[in-house]
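Tertiary structure, described
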Amino acid sequence: MSQDFPNCTVVDHPLVKHKLTLMRRVETSTASFRALLQEISQLLAYEAMRDLKLRDETIQTPLATMEAPVLDGKKLVLVAILRAGQGILDGMLQLVPSARIGHIGMYRDPETLMAVEYYYKVPGQLTDRDVIVCDPMLATGNSAIAALSRIKNSKPGSLRFVCLLACPEGLANLREHHPDVHVYTAAIDERLNEHGYILPGLGDAGDRLFGTK
Ligand code: URA
């Protein structure tokens, strides 16, 4: 848990730090950025899923019968905030290929920096399911707050948020609106600039992931 932000765990493993530095570099190609995001997302997911519930199942190994742990309960739900959240979701899916998937389309109004929803499709029954919402950049926090509020209407069993980079402003805003939602991130950067971008950050995650600039 971060000292200043009790609602946040910084996954500061050397592999995560190294890969994040590669992603921040302006000269990193779209292909590398995409691959690195998938790799880091698996490491973030590992931490975000640490307390998933298990139950014992009787299995047969080639040599003996044993009680062995398997994930308990209904399938996990991963929700990507479009469009950059898809990059994190793709990485996490490699760890939990049978997870159910949701998408929430949000864009930031460039004037107000408030989140505007344009798409919402999540699995029908979220009750009792563990839900992880993904978006690489927790900047103002407005999109994350809107997405989490929307999902809470469906009463999920638990709700977590995974991002690549956070900043103090976004974490404080998220905590004010959703004190019950824990955030997992690779780093907490210095601050937001006047356009709502994280500094030093890595630029526009969507553009870097999809090569649109
Ligand atoms: N979204 C991004 O892609 N980058 C930022 O720095 C902030 C929001």
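Residues numbered from 1 in each chain as written. Predicted model: local features only at pLDDT ≥ 70, side-chain atom pairs only at ≥ 80, totals over all residues. Heavy atoms only, no water.

A word on the UniProt feature "domain: Phosphoribosyltransferase" (unreviewed entry) in the protein chain
Under the feature "domain: Phosphoribosyltransferase" (unreviewed entry), the UniProt entry names residues 10-212. As annotated, residues 10-212 comprises 33% helix and 30% strand, and the C-alpha atoms at either end are separated by 29 Å. (UniProt positions renumbered as here; feature names shortened; annotations may be inferred. Helix = DSSP H or I, 4+ residues; strand = E, 2+ residues; numbered from the N terminus.)

Describing unusual backbone geometry
With omega at 5 degrees, the peptide bond leading from leucine 82 into arginine 83 counts as cis. With respect to the helices, strands and loops of the structure, arginine 83 is situated in the loop between β4 (77-82) and α3 (85-95). Non-glycine residue aspartate 128 carries a positive phi angle of around 70 degrees. Examined against the element boundaries, aspartate 128 turns out to sit in the loop between β6 (115-121) and β7 (130-134). Aspartate 128 gets classed as exposed once you look at its relative accessible area, which sits at 57%. For lysine 155, which is not glycine, the phi dihedral falls at a positive 50 degrees. (Buried < 20%, exposed > 50% of the residue type's maximum accessible area, 1.4 Å probe, protein only.)

A look at the packing of helix α2 (residues 30-48) against α3
Contact geometry of α2 with α3 gives a least axis separation of 7 Å together with a crossing angle of 60 degrees. Taken together, the axes of α2 and α3 lie oblique to each other. Taken as a pair, α2 and α3 cross one another with a handedness that is right-handed. Contact with α2, carried on its side by Leu37, Gln38, Ser41, Gln42, Ala45 and Tyr46, involves Gly87, Ile88, Asp90, Gly91, Met92, Gln94 and Leu95 of α3 and no other residues of that element. (Axes fitted to C-alpha atoms, helices over the stretch in contact; angles between N-to-C directions. Parallel < 35°, antiparallel > 145°, perpendicular 65-115°, else oblique. Left-handed = near helix turned anticlockwise from the far one by under 90°. Contact = heavy atoms within 4.5 Å.)

Here we look at the packing of aromatic side chains
Summed over all chains, the structure comprises 1 aromatic pair. In this arrangement the basic side chain of arginine 108 is found over the ring face of tyrosine 197, its NZ or CZ atom lying 5.3 Å from the centre. Its guanidinium or amino end placed over the ring of tyrosine 120, arginine 150 lies 3.8 Å from that ring's centre, counting from NZ or CZ. (Phe/Tyr/Trp six-rings, centres within 6.5 Å; stacked < 30°, edge-to-face > 60°. Lys NZ or Arg CZ within 6 Å of the ring centre and 35° of its normal.)

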